[in-house]
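# Secondary and tertiary structure notes
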Amino acid sequence: MRIGVLGGGPAGLYFALLAKRAEPSHQVTVVERNAPDATFGWGVVFSEETLGALRDADHPSYVEISDAFARWSAIDVTYGGRTVRSGGHVFSAIARKRLLEILQRRCREVGVELAFHSEVPGLDAFAGHDLVVAADGVNSTARRLLAGHLRPTLDVHPSKYVWFGTDLVLDAFTFVFRATEHGMFQVHAYPFDAQTSTFIVECTEAAWRRAGLADAGEEESIAFCQELFAPELAGHKLLSNRSLWTSFVTVRCASWHHEQVVLLGDAAHTAHFTIGSGTKLAMEDAVSLSGALQRHPGDPRAAMTDYELERQPVVERFQEAARASATWFEDVRRYDGFDPVQFAFNLLTRSGRIGHLELTKRDARFVATVDRFL
């Protein structure tokens, strides 16, 4: 088959790699508007379940990815002047740029054609292709052009957030809550290599406006956040990579494919960053779509239907957990006055994916401390 992939992020690259590896006779081309070394994110987090899927899908890239991981097992919650730590959690993260380098190199090894600096304003460039995989992100061109068939909904969340890096290397997934005269500001931060951590700052739109951040430039935003979280940064700097305040958009589509075009990753769906599953879901999509093509050789329409039936229920469950998580952070002031231990327990169980029993398995001492408040 002749397969065109729109978008050279993790989802598009990983699908191209798997499709070409499974059937070398396929002609697979990835078209990306940016340079090969351009990336506008920091680190991405993977679960153990996802790592198993990557190991089984393509072992060479799995080895390279896992060798580059930063790993940790603790969550720190700073609230009310105290830091509460919970252990027994398993996290693995990698720099997004490093992940792209690994996938690009592996694509070239199996014979995928990579075309960078290629702007594709429409889908005409893929005329004659048997399959077009739109992995072009949350602002997907393909989804917009096929909106009448795919029936997307875009839900804009009310909070504001900005995605920084920092040269502070953390040893835990770190949440910080800081009350100010403008309102509550909170941090979601985690390490992803030996030199750098992701550092996301979130607040309500009202707090964002009262703090003057609606009119602030990139440097002004960095200065504000650096001063606000100076105790946690301990002399380290925040780093920017087109780090601008924005609102998260949850994308859902009634259908993920139309004719020869199929959506992958953020083009089809998003899950709020507070559960950290965007890249995970996108690469699992790639595994699913590649597997469906192998089950339906020569019949991409059947493969697309199979892929959608397999992945939509999984993604919907994550989106529901992400909705609960996002709502918790957006309404965090309702937990004012909680003891820091109670507050931390409430945060850790916010999405419903982890409950009292699971948390006890991970950190019985922490839960025993929580139980004394009940």
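First, a word on scope: everything that follows refers to the structure included in this document. (Residues numbered from 1 in each chain as written. Predicted model: local features only at pLDDT ≥ 70, side-chain atom pairs only at ≥ 80, totals over all residues. Heavy atoms only, no water.)

## Describing the pattern of salt bridges
Our working definition: Note on definitions: salt bridges are taken to be side-chain nitrogens of Lys or Arg within 4 Å of carboxyl oxygens of Asp or Glu. Secondary structure elements are taken from DSSP: a helix is a run of H or I of four residues or more, a strand is a run of E of two residues or more, and numbering for both begins at the N terminus. Buried, partly exposed and exposed residues are distinguished by accessible area as a fraction of the type maximum, computed with a 1.4 Å probe on protein chains only: under 20%, between the cut-offs, and over 50%, respectively.
This model, assessed by the stated rule, comprises 21 salt bridges. The residue Arg33 makes a salt bridge to Glu119 at a minimum N-O spacing of 3.6 Å. Taken together, the residues span a long stretch of sequence, with Arg33 in the loop between strand S2 (27-31) and strand S3 (43-46) and Glu119 in the loop between strand S8 (113-115) and strand S9 (131-134) at a distance of 86 residues. Here the two residues Arg33 and Glu119 agree in accessibility, since each one is exposed. Glu320 is paired through a salt bridge with Arg323; the nearest N and O atoms lie 2.6 Å apart. With Glu320 and Arg323 both in helix H11 (residues 300-330) and 3 residues apart, the pair spans about one turn of that helix.

## Details of the side chain of Ser140
Short version of the rule: Under this definition, polar contacts are N or O atom pairs within 3.5 Å; protein pairs additionally need one hydrogen-donor-capable and one acceptor-capable atom, and for neighbouring residues in sequence, both atoms have to be side-chain atoms. We call two residues in contact when some of their heavy atoms are within 4.5 Å.
Take Ser140: it is sitting in the loop between S9 and helix H5 (141-145). A residue is classified by how much of its surface remains accessible, and Ser140, at 2% relative accessible area, is buried. Engagement of the side chain of Ser140 in a polar contact is seen with the backbone nitrogen of Ala142, the distance being 3.3 Å. A distance of 3.0 Å separates a polar atom in the side chain of Ser140 from the backbone nitrogen of Arg143. Discounting chain neighbours no more than four positions away, the residues touching Ser140 are Leu263 and Ala267.

## Overview of the packing of helix H1 (residues 10-22) against helix H10 (residues 278-295)
Keep this limit in mind: Lines fitted to C-alpha atoms define the axes, with helix axes restricted to the stretch in contact, and inter-axis angles between N-to-C directions lie between 0 and 180 degrees. Roughly parallel covers angles under 35 degrees, roughly antiparallel covers those over 145, roughly perpendicular covers 65 to 115, and oblique covers all other angles. In this scheme, a crossing is called left-handed if the near helix is turned counterclockwise away from the far one by less than a right angle; it is called right-handed if the turn is clockwise. The residue classification treats Ala, Val, Leu, Ile, Met, Phe, Trp, Tyr, Cys and Pro as nonpolar and Asp, Glu, Lys and Arg as charged. All others, Gly included, are polar.
For the pair H1 and H10, the least separation of the axes is 8 Å and the interaxial angle reads 25°. Of the possible angle classes, the one that applies to H1 and H10 is roughly parallel. Seen along the crossing, H1 lies across H10 with a hand that is right-handed. Where H1 abuts H10, its residues Pro10, Ala11, Tyr14, Phe15, Leu18, Ala19 and Ala22 lie against Thr279, Ala282, Met283, Ala286, Val287, Leu289, Ser290, Leu293 and Gln294. Among the residues forming the contact of H1 with H10, the class breakdown is 13 nonpolar, 3 polar and no charged.

## Here we look at the environment of Phe46
Among the structural elements, Phe46 can be located in strand S3. Spatially, the C-alpha atoms of Phe46 and Ser92 are 5.4 Å apart, while their sequence positions differ by 46 residues.

## Some remarks on the packing of aromatic side chains
Our working definition: Stacked, tilted and edge-to-face are the three classes assigned to paired rings of Phe, Tyr and Trp, where Trp is represented by its six-membered ring and a pair needs centres within 6.5 Å; plane angles under 30 degrees give stacked, over 60 edge-to-face, the rest tilted. Cation placement over rings: the criterion is NZ of Lys or CZ of Arg within 6 Å of the ring centroid and within 35° of the ring normal.
Under the counting rule described, the total for this entry stands at 25 aromatic pairs. Measuring from ring centre to ring centre gives 5.3 Å for Phe91 and Phe173, while their planes differ by 50°; the resulting arrangement is tilted. Linking Phe91 in strand S7 (residues 91-95) with Phe173 in strand S12 (residues 173-179), this pair joins segments that are 82 residues apart in sequence. We note that Phe91, like Phe173, is buried. On the numbers, 5.1 Å between centres and 80° between planes, the contact of Trp328 with Phe329 is edge-to-face. For the cation-ring pair, Lys160 lies above Trp208, with the distance from its terminal atom to the ring centre recorded as 4.5 Å.

## Here we look at unusual backbone geometry
Look at Ala234: it is not a glycine, yet its phi comes out positive at around 50°. Despite not being glycine, Arg242 shows a phi value in the positive range, around 55°. Relative to the helices and strands, Arg242 resides in the loop between strand S15 (238-239) and strand S16 (249-253).

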